[in-house]
Amino acid sequence: MKIKKVEDSKTVMTELVLSSHVNGSGRLFGGQLMAWMDIAGAICARRHCQCTVVTASATDLNFYLPAVPNDLIVITSEIESVGNTSMKVRITVEVEEFSKRETRRKKTCSALFTYVAIDENGVKHTVPRLKK
Ligand SMILES: CC(C)(COP(=O)(O)OP(=O)(O)OC[C@H]1O[C@@H](n2cnc3c(N)ncnc32)[C@H](O)[C@@H]1OP(=O)(O)O)[C@@H](O)C(=O)NCCC(=O)NCCS
């Protein structure tokens, strides 16, 4: 059985908040952020298992700070644990408030996503062990 490290699949994804991403209050729409988080998490899970993955769940989702147009959103995803066919991915989101000329990053959101590995026929299959 293959063994992989957390660093082998760690993913950092940066997005720019556009006016098309905001809700009626002018803040980044939470559903848009969750879509970006799901993509960053799926890339991390795919890098770990080297195959197609599906999202099984999103839990422990918390929004701490808003983001507005011109802010940068930095999404980091790391494998937290693996089961037989599933992978839990911890996702942390930080905001760089470019709109306020602020380059320090602040934690704006976090969540735990679970992905399941499937083969080309959609059948679940085992994933590499995780070396901590
Ligand atoms: C996720 C899915 C593959 C699980 O299939 P299933 O036959 O019910 O799977 P099982 O009960 O045998 O569980 C398989 C693994 O998934 C885990 N799992 C299943 N549902 C889960 C959930 N809601 N949350 C966390 N883990 C879950 C199980 O713990 C198990 O992990 P393990 O193999 O590491 O022990 C299936 O429900 C599915 O295809 N869901 C739709 C996925 C989808 O369309 N996502 C959105 C677009 S990608």
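Because the structure is predicted, anything quoted here is derived from the model rather than measured. Residue positions are given per chain, counted from 1 along the sequence in the order it is written. Only residues with pLDDT of at least 70 are given local features in this predicted model, and only at 80 or more are side-chain atom pairs given and counted; all residues enter the totals for whole chains, interfaces and linings. Note that water and hydrogens are dropped before the side-chain values are worked out from all heavy atoms of the structure.

Draft legend 1. Structural detail: the pairing of strand 4 (residues 72–82). Strand pairing is defined by DSSP finding a minimum of two bridges between the two strands. A helix here means a DSSP run of H or I that spans at least four residues, while a strand means a run of E at least two residues long, and both kinds are numbered starting from the N terminus. Two elements, strand 2 (residues 11–16) and strand 4, share 6 bridges in a ladder whose sense is antiparallel. Directly across from glutamate 15, in strand 4, lies its bridge partner isoleucine 73. Across 10 bridges, the pairing between strand 4 and strand 5 (residues 86–96) is antiparallel. Following the sheet pairing, threonine 76 is matched in strand 5 by threonine 92. Counting the residues that bridge the hairpin from strand 4 to strand 5 gives 3 residues.

Draft legend 2. Molecular detail of the nonpolar core. We define a nonpolar core as any set of buried Ala, Val, Leu, Ile, Met, Phe, Trp, Tyr and Cys residues linked to one another through side-chain atoms lying within 4.5 Å. Throughout this description, buried means an accessible area under 20% of the type-specific maximum (1.4 Å probe, protein chains only), exposed means over 50%, and partly exposed covers the range between. Counting residues in each nonpolar core, the largest one holds 30 residues, and the members touching the most others are Leu33, Met37, Ile73, Ile75, Met87 and Tyr115. Elements with a contribution of two residues or more to this core: helix 1 (30–49), strand 4, strand 5 and strand 6 (105–118). Per-element tally for this core: the top contributor is helix 1, with 8 residues. Here a residue-residue contact requires only that any non-hydrogen atoms of the pair lie within 4.5 Å. Those residues in contact with methionine 37 that lie beyond four places of it in its chain are Leu61, Ile75, Ile91, Val93, Cys109, Ser110, Ala111, Phe113 and Tyr115.

Draft legend 3. How the structure looks around unusual backbone geometry. In this structure, glutamine 50 is a non-glycine residue whose phi angle is positive, near 60°. Relative to the helices and strands, glutamine 50 is located in the loop between helix 1 and strand 3 (52–63). A residue is classified by how much of its surface remains accessible, and glutamine 50, at 57% relative accessible area, is exposed. Positive phi, close to 85°, is recorded for asparagine 70, a residue that is not glycine. Relative to the elements of secondary structure, asparagine 70 occurs in the loop between strand 3 and strand 4.

Draft legend 4. Inspection of the side chain of histidine 48 at higher detail. Mapping histidine 48 onto the fold places it in helix 1. Assessed through its relative accessible area of 0%, histidine 48 is described here as buried. Contacts described as polar in this section are N or O atom pairs within 3.5 Å, which, within protein, must combine one atom able to donate a hydrogen with one able to accept it, while residues neighboring in sequence count only if both atoms come from side chains. One polar contact links the side chain of histidine 48 to the main-chain carbonyl oxygen of proline 128, over a distance of 2.8 Å. With residues near it in sequence (within four places) discarded, histidine 48 still touches Lys4, Ser9, Ile79, Val82, Met87, Val127, Pro128, Arg129 and Leu130.

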